[in-house]
Amino acid sequence: MTSRRDLGLIVALAFALATLGGCEQAGSDRPLLEEARLQLERGDALAAQVQLEQALATGTPREELATLFGESALLKGDLGVAREWLGPGEFSEDSAAAGFQLLGRLEMAEGNLPAAGGAFDRSYRVEPDNAGLWVDIGRLRYRGGEQFEAIAAAERALSIDPNDAEALRFRGQLARDAQGLEAGAELLGRALERQPQNIELRVEYAATLGDAGRARDALRVLRAEGGRAASTPHGMFVQAVIAARGGDFRSARDLLARSGLASENVASALMLSGLIALNDGNYASAALTFDRLHRRQPDNRRVGDLLAYALSRSSGERELVHRFAAPASSGAGSTYLRMLVGRAYEALGERERAAKFLD
């Protein structure tokens, strides 16, 4: 039986523990924020949000949390929540540079390039020597069609931090477009050395190697670090492309199906799906696939040629001339398209019209 004295000790101990718990919670803001930053670096937005919600509940001012909440929302792709935290521009002194930089990324994601530039300017005024900021400025310039200015921004980022992985990655992307695949692959490889756990970067590097004709190197990169990159949808797609280039269309078909990207209407996956169908002799299916892609990319002449070819092989001559006779005769189409239209008119028995294209 518990005595009154024992009961008093228990009550006193309970109050003491409650007090200690309160002291620990009140002083836990810094560990919570540090843990949130760590989770964001790992790419775990949900775990970071749990820590941030706790910090908010314990009284941490919103301006100290706005940047981290905004980063978490951007990582999840929730632009509305990101706007709630970043849009007002109310950041603590220590987080202002990062806050305005993230606001610029949000504006870019929403297609508001002038507003993005304004946000980056405000970040620059707080912290001009920020390699990551210059990468973002470079991406903004590239989206605005200023390729040389984008290269200058990437070079500025690398002058600040020659080992910055994102700066190397961006410079590699620019080099790939301007100088060729090998130049881009070299820089992307250097970036991956600094971020070996970055799966998205690993897949991009492997894809660039594959496009450069280095299939074995591409597969080796994908399968390194436990092969996690190879099992992602984009990793499987890269392997499907490599298989198709090597003539292994059965493996290409299987890998493409497992990636799920064609069912999600990803343009490059639709292209590969149509090419596999052509190889299989399934011209009607190929025509349907290229038609979906052509409606999204009507100015893509290669897609138009492939659609016209699939139609010509699937008894679709009437649709072929209906859709492509005008662009072929106006010079907007390729020489190959003119030939396909001419042969379609021949198959329809309209030799005079055919001659105008075939001559």
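Note that the structure is a prediction, hence the values are computed from the model and not measured.

Participant: Before we go on, may I ask you to explain the side chain of serine 259 in this structure?
Facilitator: Counting through the fold element by element, serine 259 comes out in helix H15 (residues 249–259). The buried category is assigned to serine 259, whose relative accessible area is 5%. Of note is the side chain of serine 259, whose polar atom sits 2.7 Å from the backbone oxygen of leucine 256. Not counting the four nearest positions on each side in its chain, serine 259 is found in contact with Pro233, Met236 and Phe237.

Participant: When you look at the layout of surface pockets in this model, what are you seeing that I'm missing?
Facilitator: Empty space among the atoms becomes apparent when a probe as large as a water molecule is rolled across them. Roughly 1,500 Å³ of volume is contained in the largest pocket. Leu40, Glu71, Leu75, Arg105 and Glu166 are the residues nearest the centre of the largest pocket, which is lined by 35 residues in total. Those elements giving two or more residues to the lining of the largest pocket turn out to be helix H2 (29–41), helix H4 (62–76), helix H6 (96–109), helix H8 (131–143) and helix H10 (165–178). In terms of residue count, the dominant contributor to the lining of the largest pocket is H6 (7 residues). Class assignment for the residues of the lining of the largest pocket results in 11 nonpolar, 10 polar and 14 charged. Estimates place the volume of the second largest pocket at around 590 Å³. Every residue lining the second largest pocket is counted, 22 residues in all, and those nearest its centre are Asp211, Phe237, Val241, Arg245 and Ser268. Contributions of two or more residues to the lining of the second largest pocket are made by helix H12 (199–211), helix H14 (233–245) and helix H16 (267–279). It is H14 that provides the largest number of residues to the lining of the second largest pocket, a total of 7 residues. In terms of residue class, the lining of the second largest pocket is made up of 13 nonpolar, 4 polar and 5 charged.

Participant: Mind showing me how you'd approach empty space enclosed by the protein here?
Facilitator: Applying the stated criterion across every chain, the model contains 1 cavity of 30 Å³ or more. Approximately 30 Å³ is the volume attributed to the largest cavity. As for the largest cavity, its lining consists of Pro196, Gln197, Ile199, Arg202, Ala224, Glu225, Arg228 and Ala229. Partitioned by chemical class, the residues of the lining of the largest cavity number 4 nonpolar, 1 polar and 3 charged.

Participant: Looking at this model, I keep getting lost on the side chain of arginine 169. Mind explaining?
Facilitator: With respect to the helices and strands, the residue arginine 169 is situated in helix H10. The residues contacting arginine 169, other than those within four sequence positions of it, are Leu188, Ala191, Asn198, Glu200, Leu201 and Glu204.

Participant: Looking at this model, I keep getting lost on the confidence of the model for the protein chain. Mind explaining?
Facilitator: Any region with low pLDDT has predicted coordinates that should not be read closely. In the predicted model, the protein chain carries a mean pLDDT of 89, and 92% of its residues have values of at least 70. Contacts of residues 1–29 to residues separated by more than four positions or lying in other chains number 5 contacts, the stretch itself having pLDDT below 50.

Participant: Explain H6 here, please?
Facilitator: For H6, with 14 residues, the first-to-last C-alpha span of 20 Å sits near the 20 Å given by 1.5 Å per residue. Taken across its 14 residues, H6 has 11 buried, putting it largely inside the fold. Of the residues making up H6, those classed as buried are Ala96, Ala97, Gly99, Phe100, Gln101, Leu102, Leu103, Gly104, Leu106, Glu107 and Met108. Where H6 ends, the next residue or the one after it, glycine 111, has phi of about 80°, a positive value.

Participant: Quick question: what am I supposed to make of the nonpolar core here?
Facilitator: One broad rule of soluble globular proteins: the nonpolar side chains tend to lie buried together. Ranked by size, the top nonpolar core spans 38 residues in total, and within it Phe120, Tyr205 and Leu222 carry the most contacts. Looking at this core, the elements that each hand over two or more residues are helix H7 (113–126), H8, helix H9 (147–160), H10, helix H11 (181–194), H12, helix H13 (215–223) and H14. When neighbours within four sequence positions are excluded, phenylalanine 120 is seen to be in contact with Phe100, Gln101, Gly104, Arg105, Met108, Leu133, Asp136, Ile137 and Leu140. Leu306, Leu320, Ala328 and Val341 belong to the second-largest nonpolar core, a separate cluster that totals 27 residues.

Participant: What is the right way to look at the packing of H16 against helix H17 (residues 283–296) in this model?
Facilitator: The packing of two helices is summarised by the inter-axis angle and the distance between the axes. Where H16 meets H17, the closest approach of the two axes is 8 Å, and the angle between their N-to-C directions is 155°. By the angle class used here, H16 and H17 are roughly antiparallel. Here H16 and H17 pass one another in a crossing that is left-handed. For the pair H16 and H17, the contacting residues are Ala267, Leu270, Met271, Ser273, Gly274, Leu275, Ala277 and Leu278 in the first and Tyr283, Ser285, Ala286, Thr289, Phe290, Arg292, Leu293 and Arg296 in the second. A class-by-class count of the residues in the contact of H16 with H17 yields 10 nonpolar, 4 polar and 2 charged.

Participant: Sorry, what's going on with the environment of glycine 333 here?
Facilitator: Among the structural elements, glycine 333 can be located in the loop between helix H19 (317–330) and helix H20 (335–347). Classification of glycine 333 by relative accessible area gives buried; the value is 14%. Separated by 31 residues in the primary sequence, glycine 333 and arginine 302 place their C-alpha atoms 9.5 Å from one another. Apart from residues lying up to four places away in sequence, glycine 333 is in contact with Arg301, Pro327 and Ala328.

Participant: I would appreciate a short explanation of the packing of helix H18 (residues 301–313) against H20 in the present structure.
Facilitator: One way to put it is that H18 packs onto H20 with a least axis distance of 10 Å and a crossing angle of 20°. Our classification of the angle between H18 and H20 gives roughly parallel. Judged by the twist between their axes, the crossing of H18 over H20 is left-handed. Facing H18, whose interface residues are Asp305, Ala308, Tyr309 and Ser312, H20 presents Tyr336, Leu337 and Leu340. Counted by class, the contact of H18 with H20 contains 5 nonpolar, 1 polar and 1 charged residues.

Parameters and conventions
- Residues numbered from 1 in each chain as written.
- Predicted model: local features only at pLDDT ≥ 70, side-chain atom pairs only at ≥ 80, totals over all residues.
- Heavy atoms only, no water.
- Helix = DSSP H or I, 4+ residues; strand = E, 2+ residues; numbered from the N terminus.
- Buried < 20%, exposed > 50% of the residue type's maximum accessible area, 1.4 Å probe, protein only.
- Polar contact = N/O pair within 3.5 Å; in protein donor to acceptor, adjacent residues only side chain to side chain.
- Contact = heavy atoms within 4.5 Å.
- 1 Å grid on protein atoms, 1.4 Å probe; cavity = no way out; pocket = protein on both sides within 12 Å on 5 of 7 lines; lining within 4 Å.
- Points joined across faces, edges and corners; volume = space filled by probe spheres on them.
- Nonpolar A, V, L, I, M, F, W, Y, C, P; charged D, E, K, R; others polar.
- pLDDT = per-residue confidence, 0-100.
- Expected span 1.5 Å × (residues − 1).
- Core = buried A, V, L, I, M, F, W, Y, C linked by side-chain atoms within 4.5 Å.
- Axes fitted to C-alpha atoms, helices over the stretch in contact; angles between N-to-C directions.
- Parallel < 35°, antiparallel > 145°, perpendicular 65-115°, else oblique.
- Left-handed = near helix turned anticlockwise from the far one by under 90°.

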